[in-house]
Amino acid sequence: MSEKKVRVRFAPSPTGPLHIGGMRTAIFNYLFAKKHGGDFILRIEDTDQNRYVEGAEDYIIKSLKWLGIEPNEGVGKGGEFGPYRQSDRKDIYQKYAEQLIESGHAYYAFDTPTELEEMRERLKAEKNPIQQYNAVTRVVMNNSLTLNSSEVSKKLSDNTPYVIRLKLPEDENITFKDVVLGNFTFHSSQLDDKILFKSDGMPTYHLANVVDDYLMKITHVIRGSEWTNSTPSHVLLYRYFGWEDSMPAFAHMPLLLKPDGKGKLSKRDGDRLGFPVFPLEWTNPETQEVSSGYREAGYFPEAFLNFLVLLGWNPGTEQEVFSKEELVQIFSIDRIGKSGSKFDQEKAKWFNHYYLQQKSTQEICTLFIPILEEKGIDINPSNLANIIELVKERATFISDLWPLSHYLFVAPTEYDDKVIKKRWKEDTPQLLEGIIDVISSLKTFDAATLESEIKMHIEMKELNMGQVLNGLRLTLVGSAQGPSVFEIISLLTAEESVKRIRRGIQSIKII
RNA sequence: GGUCCGUUCGUCUAGUCAGGUCAGGACGCCAGGUUUUCAUCCUGGUAACACGGGUUCGAAUCCCGUACGGACUACCA
């Protein structure tokens, strides 16, 4: 076995925050690399200077880190195949573009944007289904194939803006195998002479991507399926460079779709639909507009990762909850589905609820304390642990804990009208006086004792439970929610409970 | 318009390559149980092979067509 070491790259453009589709691509790349004991490389593809957004690169690194994805090499990490930011590799690309010109597989093109536009308009008017710069149309354009060599050298020495285009064959089938989608055949007449090198001196994605993947010894290209149609051009580049033997395997992943209908998920959908599409909160540096993030919404990274990995992939078993380590063990690229998936916020919440329940009470306390501090609540740790024990099973997010438990910290100041109407009767105050007596007389003060004593009292008086306990809950909590009243009383202490019951008796009026 | 791709419960999906279990699981939803309440939890239920042809004893599975959806079609990635 002389299998090459697996090396994959995640190669986002720093044009803004990474959305969850990009995160999923990163996760799949990472899992695949780890599964095979390989390297995961972070490369920043910033060849479009116009779209560069300040802070985006940092955002990408932070997002990966939040999920526990640490690149083996790349921007912010280093490595022997660097630099890993394409703008720092500018010189490399020019050399390769020129090499292609020398070998006759690329050419200079001097057409202005206007001329290109006219060409497309003309083809459109002729009802030509293909409106591209290709083997047919290039013969009437301004390029080093139609101009004689002295005209070309003159233009070059005049600094006439030019691009370098890939010279596609006129009549050739290009085939490649995609690990996810299967075999593809494209006919060269359907492709265009892609620009490899732009007039601003930067390469396009197509060139930079192929050159870097080759130089960085990438073995598997796992990327979004929006790249499928340009893959044949990339295949040709490998061929023309003479790198076909080390061409990586391609795996194009289906896209994440809008939850409510049509099209691929976009950055706008989040705010429109009321859920985050970004892992972390993002503030647009130009407009100061804030987009919400999963982290800030209260999702745990492990829940978010678990949820995301199941979008378009499954292990083929009925298991749905996985740790990252487990995923590394069982991940397999050929279990990636072919069709796009919408995501379901309800399921994301379910995962978060599940992961929250797996956490220790101590851990949950630690996460909850900042919220309490913000509310100005002072609490002793052992009491807090008891409170968390009591309410955590109801919580999906840490932020649910306060609405679920506030009455255990602060006495109710108002009482739910609906509950008053339904549960507060003429004899309620009198019945509660009886409960005060029971509470006050107890020597051991735990939930079990409270329950048996209060129940005994109710039975002796020949009352029914609902009659007494609902009113009791109202005075303690202010509403008709929460765990067992006996648990509540025992946490509240006798003194506080009696105080609340008295206050309720005084201030609640029959409706 | 052209090229390429896809289509199983409302959603994520198993099953398709090697045709033959009342098409399985999860989320959601509904019902019942537990509970003094609200949740949680437990049990059960609802619900899908896009459509039309063909091949076959037999098709979700293979073939063709149609519809619908998606991606690409920039000196953006």
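Now for a description of the structure that goes with this document. (Residues numbered from 1 in each chain as written. Chains lettered and ligands numbered in written order. Predicted model: local features only at pLDDT ≥ 70, side-chain atom pairs only at ≥ 80, totals over all residues. Heavy atoms only, no water.)

**Some points on the nonpolar core**
If you look at soluble globular proteins, the nonpolar side chains tend to sit buried side by side. Core analysis: the biggest nonpolar cluster contains 147 residues, and Ile27, Phe28, Phe241, Trp313 and Ile454 have the highest contact counts within it. Per-element accounting of this core gives the leading share, nine residues, to helix α1 (residues 20-35). In this structure, Tyr107, Leu116, Met119 and Leu123 belong to the second largest nonpolar core, which totals eight residues. (Core = buried A, V, L, I, M, F, W, Y, C linked by side-chain atoms within 4.5 Å. Buried < 20%, exposed > 50% of the residue type's maximum accessible area, 1.4 Å probe, protein only. Helix = DSSP H or I, 4+ residues; strand = E, 2+ residues; numbered from the N terminus.)

**Overview of the pairing of strand β6 (residues 173-178)**
A one-sided burial pattern is seen for β6, the buried positions being Ile174, Phe176 and Asp178 and the unburied ones Asn173, Thr175 and Lys177. In terms of strand pairing, β6 meets strand β7 (residues 182-187) through six bridges, oriented antiparallel. Paired with threonine 175 across the two strands is threonine 185, which belongs to β7. Adjacent in sequence and paired antiparallel, β6 and β7 are bridged by three residues. (Pairing = 2+ DSSP bridges.)

**So, helix α7 (residues 231-241)**
Judged by how many residues are buried, α7 sits mostly within the fold: ten of eleven residues are covered. A positive phi of about 80° marks glycine 242, the residue just after α7.

**Examining the pairing of strand β9 (residues 220-224)**
Most of β9 sits inside the fold, with five of its five residues counted as buried. Bridge count between β9 and strand β10 (residues 249-253): five bridges; the pairing is parallel. Counterpart to arginine 223 in the pairing with β10 is histidine 252. At this point the chain moves from β9, through α7, to the parallel β10, and the crossover so formed is right-handed. (Right-handed = clockwise from strand over helix to strand, strands pointing away.)

**Considerations on the environment of isoleucine 387**
As for its placement among the helices and strands, isoleucine 387 is situated in helix α14 (residues 381-391). Classification of isoleucine 387 by relative accessible area gives buried; the value is 1%. With 182 residues separating them in the primary sequence, isoleucine 387 and tyrosine 205 have C-alpha atoms 55 Å apart.

**Some details on the sheet that holds strand β4 (residues 106-109)**
Across a sheet, strands are paired by hydrogen bonds formed along the backbone, either parallel or antiparallel in direction. One open sheet holds the three strands; their spatial order is β4-β5-β8, and the pairing between them is antiparallel. Edge positions in the open sheet fall to β4 and β8 (195-197), since each of these has one partner strand only. When the angles between neighbouring strand axes are averaged without regard to direction, this sheet yields 45°. As paired strands, strand β5 (residues 163-166) and β8 are joined by two bridges and run antiparallel to one another. By the bridge assignment, arginine 165 is partnered in β8 with isoleucine 195. (Axes fitted to C-alpha atoms, helices over the stretch in contact; angles between N-to-C directions.)

**Side note on helix α13 (residues 361-374)**
Helix length check: α13, at 14 residues, gives a terminal C-alpha distance of 20 Å against a target of 20 Å (1.5 Å per residue), a fit within 8%. Within α13, the axis deviates most sharply at phenylalanine 368, by approximately 35°, and proline proline 370 lies no more than four positions further along. Of the residues making up α13, those classed as buried are Thr361, Ile364, Cys365, Phe368 and Leu372. If you follow the buried residues of α13, they end up packed against α12 (345-358), α14 and α15 (401-405). Glycine 376 occupies a position one or two residues after α13 and carries a positive phi of about 75°. (Expected span 1.5 Å × (residues − 1). Bend = angle between axes of the 7 residues up to and from the residue. Contact = heavy atoms within 4.5 Å.)

**Describing empty space enclosed by the protein**
Taking a probe equal in size to a water molecule and rolling it over the atoms shows the remaining empty space. Counted according to the given criterion, the structure contains one cavity of 30 Å³ or more. Its boundaries defined by the atoms lining it, the largest cavity holds a volume of some 30 Å³. Here the lining of the largest cavity is composed, by residue class, of four nonpolar, three polar and two charged. (1 Å grid on protein atoms, 1.4 Å probe; cavity = no way out; pocket = protein on both sides within 12 Å on 5 of 7 lines; lining within 4 Å. Points joined across faces, edges and corners; volume = space filled by probe spheres on them. Nonpolar A, V, L, I, M, F, W, Y, C, P; charged D, E, K, R; others polar.)

**Digging into the pattern of salt bridges**
Applying the stated criterion across every chain yields a total of 26 salt bridges. Here arginine 85 makes a salt bridge to glutamate 57, at a shortest N to O gap of 2.8 Å. Note that arginine 85 is positioned in the loop between β3 (73-74) and α3 (90-102) and glutamate 57 in helix α2 (residues 56-66), a separation of 28 residues in sequence. According to the relative accessible area criterion, arginine 85 is partly exposed, its value standing at 26%. Judged by relative accessible area, glutamate 57 falls into the buried class, the value being 13%. Across the pair glutamate 363 and lysine 359 runs a salt bridge whose closest N-O atoms are separated by 3.3 Å. For glutamate 363, a relative accessible area of 37% corresponds to the partly exposed category. (Salt bridge = Lys/Arg side-chain N within 4 Å of Asp/Glu carboxyl O.)

**Some words on the protein's contact with RNA strand B**
Taken together, 57 residues sit near RNA strand B, with Lys198, Gly312, Glu320, Arg394 and Gly482 positioned nearest. Here RNA strand B approaches the protein such that, of its atoms within 4 Å, sugar and phosphate make up 69%. Measuring from a base oxygen of RNA strand B, one finds a backbone N or O atom of alanine 480 at 2.6 Å. In this structure, serine 484 approaches RNA strand B through a main-chain N or O atom, which is 3.4 Å from a base oxygen. Counting only elements with at least two residues in the surface near RNA strand B, the list comes to α4 (113-125), β7, β14 (341-342), α12 and α19 (465-477). Looking at the surface near RNA strand B, its residues break down into 17 nonpolar, 18 polar and 22 charged. (Near = heavy atom within 4 Å. Polar contact = N/O pair within 3.5 Å; in protein donor to acceptor, adjacent residues only side chain to side chain.)

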